Amino acid sequence: MDESGFAIGDVEASQRIINATIRQQFQAKPGRQEWVTAIECICAAGGSLPPLIIFKGENLSHQWIPANIHKDWRFDCNTKGWTSNKHGLLWLREVFEPWTREKANGNPRLLICDGHDSHITASWIAHCMRNNIIFMVLPPHSSHLTQPLYIGVFGPLKTHMASSIEPIISTEIHRLMKAEWLAAYVEAHEKAFTTRNIRSGFRGTGILPFDPSKVVNRVETQVQDPVIVRGSTPIECTTAFKDSVLTSSPLNTDEVRLANVALLSELASGAALSSPARRYAQKVVKRSERVQARNIIIEEAHNKLAAVVTKRKAILSGKRRVIDGEHILTTEPILNGLIEAEKLTKKRKTAGAKRKKSGASEVVEDSNDELEASQDESLVMLDCIMVQELNH
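Residues numbered from 1 in each chain as written. Predicted model: local features only at pLDDT ≥ 70, side-chain atom pairs only at ≥ 80, totals over all residues. Heavy atoms only, no water.

Describing the overall build of the protein
Then comes step 1: Within the protein one finds 13 helices and eight strands.
Then comes step 2: A buried classification covers 31% of the 392 residues belonging to the protein.
Then comes step 3: Put simply, of all contacts in the protein between residues at least 6 apart along the chain, 60% involve residues at least 24 apart.
Then comes step 4: Surface accessibility of the protein: about 26,000 Å² in total, with carbon and sulfur atoms responsible for 57%. (Helix = DSSP H or I, 4+ residues; strand = E, 2+ residues; numbered from the N terminus. Buried < 20%, exposed > 50% of the residue type's maximum accessible area, 1.4 Å probe, protein only. Contact = heavy atoms within 4.5 Å. Areas by Shrake-Rupley, 256 points an atom, 1.4 Å probe, with all protein chains shown as cover.)

Considerations on the state of the cysteines
Then comes step 1: Counted by the stated rule, this structure contains zero disulfides.
Then comes step 2: The closest cysteine sulfur to the non-disulfide-bonded C43 is located on C41, 7.9 Å from its own sulfur.
Then comes step 3: The cysteine C128 is free of any disulfide, with C113 supplying the nearest cysteine sulfur at 7.8 Å. (Disulfide = S-S within 2.5 Å.)

What to know about a nonpolar patch on the surface
Then comes step 1: Taken together, the side chains of I120, I125, M129 and V137 define a hydrophobic patch exposed on the protein surface, amounting to about 360 Å² of accessible area.
Then comes step 2: Mapped onto the elements of the fold, I125 is located in helix 2 (residues 122-130).
Then comes step 3: Classification of I125 by relative accessible area gives partly exposed; the value is 35%. (Patch = residues over 30% accessible without salt bridge, like charges linked within 9 Å, V, L, I, M, F, W, Y side chains within 5 Å. Salt bridge = Lys/Arg side-chain N within 4 Å of Asp/Glu carboxyl O.)

A word on the pairing of strand 5 (residues 109-113)
Then comes step 1: Within strand 5, four of the five residues are buried, which leaves the element mostly enclosed by the surrounding structure.
Then comes step 2: Across five bridges, the pairing between strand 5 and strand 6 (residues 133-137) is parallel. Paired with I112 across the two strands is M136, which belongs to strand 6.
Then comes step 3: Read from strand 5 through helix 2 to strand 6, the crossover connection turns out right-handed. (Pairing = 2+ DSSP bridges. Right-handed = clockwise from strand over helix to strand, strands pointing away.)

What about the packing of helix 1 (residues 85-104) against helix 2?
Then comes step 1: Running from N to C, helix 1 and helix 2 cross one another at 20°; their axes reach a closest spacing of 9 Å. Regarding the angle of helix 1 to helix 2, the classification is roughly parallel. Crossing hand, helix 1 versus helix 2: right-handed. Here helix 1 contributes G88, L89, W91, L92, R93 and E97 to the contact with helix 2, which in turn contributes S123, W124, H127 and C128.
Then comes step 2: Grouping the amino acids of the contact of helix 1 with helix 2 by side-chain chemistry returns five nonpolar, three polar and two charged. (Axes fitted to C-alpha atoms, helices over the stretch in contact; angles between N-to-C directions. Parallel < 35°, antiparallel > 145°, perpendicular 65-115°, else oblique. Left-handed = near helix turned anticlockwise from the far one by under 90°. Nonpolar A, V, L, I, M, F, W, Y, C, P; charged D, E, K, R; others polar.)

Concerning the nonpolar core
Then comes step 1: Core analysis: the largest hydrophobic core is formed by 29 residues, its most contacted members being I53, F55, W73, L157, M161, W181 and Y185.
Then comes step 2: At the level of secondary structure, the elements contributing two or more residues to this core comprise strand 1 (2-9), strand 2 (33-40), strand 3 (52-56), strand 4 (74-78), helix 5 (154-169), helix 6 (178-192) and helix 7 (195-204).
Then comes step 3: By residue number, the principal contributor to this core is helix 6, which donates seven residues.
Then comes step 4: Not counting chain neighbours up to four residues away, the residues in contact with Y185 comprise F6, A38, E40, I53, W73, L157 and M161.
Then comes step 5: With 16 residues, the next largest nonpolar core counts M1, C41, L52 and C128 among its residues. (Core = buried A, V, L, I, M, F, W, Y, C linked by side-chain atoms within 4.5 Å.)

Looking at unusual backbone geometry
Then comes step 1: In this chain, L208 is followed by P209 through a cis amide linkage whose omega measures -5°.
Then comes step 2: With respect to the helices and strands, P209 occurs in the loop between helix 7 and helix 8 (213-222).
Then comes step 3: One non-glycine residue with positive phi stands out, namely N132, at about 60°.
Then comes step 4: Summarising the element assignment, N132 is placed in the loop between helix 2 and strand 6.
Then comes step 5: The phi dihedral of H141 is positive, around 55°, even though this residue is not glycine.

As for helix 6
Then comes step 1: End to end, helix 6 covers 20 Å across 15 residues, agreeing with the expected 21 Å (1.5 Å per residue, within 8%).
Then comes step 2: Buried within helix 6 we find K178, A179, W181, L182, A184, Y185, V186, A188, H189 and A192. (Expected span 1.5 Å × (residues − 1).)

Comments concerning the pattern of salt bridges
Then comes step 1: Inspection of the entire model under this criterion finds four salt bridges.
Then comes step 2: Close ionic contact of K178 with E34 constitutes a salt bridge, the shortest N to O distance being 2.8 Å. Taken together, the residues K178 in helix 6 and E34 in strand 2 connect sequence positions 144 residues apart. Accessibility classification places K178 together with E34 in one group, the buried group.
Then comes step 3: Between E187 and K191 there is a salt bridge, with its nearest N and O atoms 3.4 Å apart. Placement of both E187 and K191 in helix 6 is noted, with a separation of four residues, approximately one turn of the helix.

Focus: the environment of A179
Then comes step 1: Along the chain, A179 falls in helix 6.
Then comes step 2: Here the alpha-carbon distance between A179 and H62, two residues 117 residues apart in the chain, equals 9.3 Å.
Then comes step 3: Discounting chain neighbours no more than four positions away, the residues touching A179 are Q63, W64 and P66.

Things to note about the confidence of the model for the protein
Then comes step 1: Model confidence for the protein is summarised by a mean pLDDT of 77, while 71% of its residues fall at 70 or above.
Then comes step 2: Per-element averaging of pLDDT across the protein places strand 7 (residues 321-323) at the bottom with 43 and strand 5 at the top with 95.
Then comes step 3: Of the regions scoring below 50 in pLDDT, residues 319-330 engages in 14 contacts with residues more than four places distant in sequence or in other chains. (pLDDT = per-residue confidence, 0-100.)

Overview of the side chain of H189
Then comes step 1: Residue placement: H189 occurs in helix 6.
Then comes step 2: You can call H189 buried: its relative accessible area is 8%.
Then comes step 3: Other than its neighbours up to four places away in sequence, H189 contacts E40, S48, P51, W73 and L157.

Shown next as structure tokens:
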């Protein structure tokens, strides 16, 4: 026996930021969602008991329940849509005990469920003791290993539910009604709660046929050495192939290292890889392909950048080269030439001023000044022409 929760409600536009490098499927969910809980129970023989559906609401409404639904299904409601101690005891008394009494024919009935608060109340345990029901509680946080419903049924149930509701959501209506959700659940229930899926769940957990290694081997391959804090006792055990190793971005190097060690250990043992190890190995292969593609892109960008830098170094190297018999000068010789030209011009002007003071005739001085000015002007223009030509 186990509970499964579903969210229904208004359909609203929303945005989410996701990591595109994670190869997972995402699906839009309705906004302002409310919760619906289904209490389900399966038998190792391949059958199942009628479910108890718990809606959110103050009172049940006949509009929520289609007329053609199975008559033996149970319905209730509360303000949250969650299961509670009341609903757990109600299911035990009105569903499990009467529906299994005749089949047991006076023999004990084994009821397996997790340690939820609604399963371990005094009233629940007392009812089991009075009606020859052996009550077994699964270890905490072990449903993914030990719960047959989780292993063989709830996965297909959620998949069929998504397929059944998709035509309604794709119409972009603004509200998903409880009756529409329940109709989809009935359809998905018939497809998921098959004899094959139910027996597969019991077989996968090692309950029937009884095979503890189905769980023990998976636990042994996952549990690593405890984390030791200096001056204290072990406080935490890490799992090698946990989901965060596969989905975290950026990668946690410590977790990846532990997962790699565990994977190599399983490969070295020569035994068949566990399911978590196989999933991790597939992720590692896909990750390596993405890294290789990324490295190729980075290497190409690096080569292009190196080519640009090489060209710039050649331009700024200050070396002289000859092209078609012409000299191409760097900036420094050009600037030095201009500085020398300016010094020469200044020197000539100074010499002209001294000759003027020596008593030479005004006509000669004017002539000399004009000649020097014309020479200076010619020199300056020549410098400018050289610069323009070189820059061009």
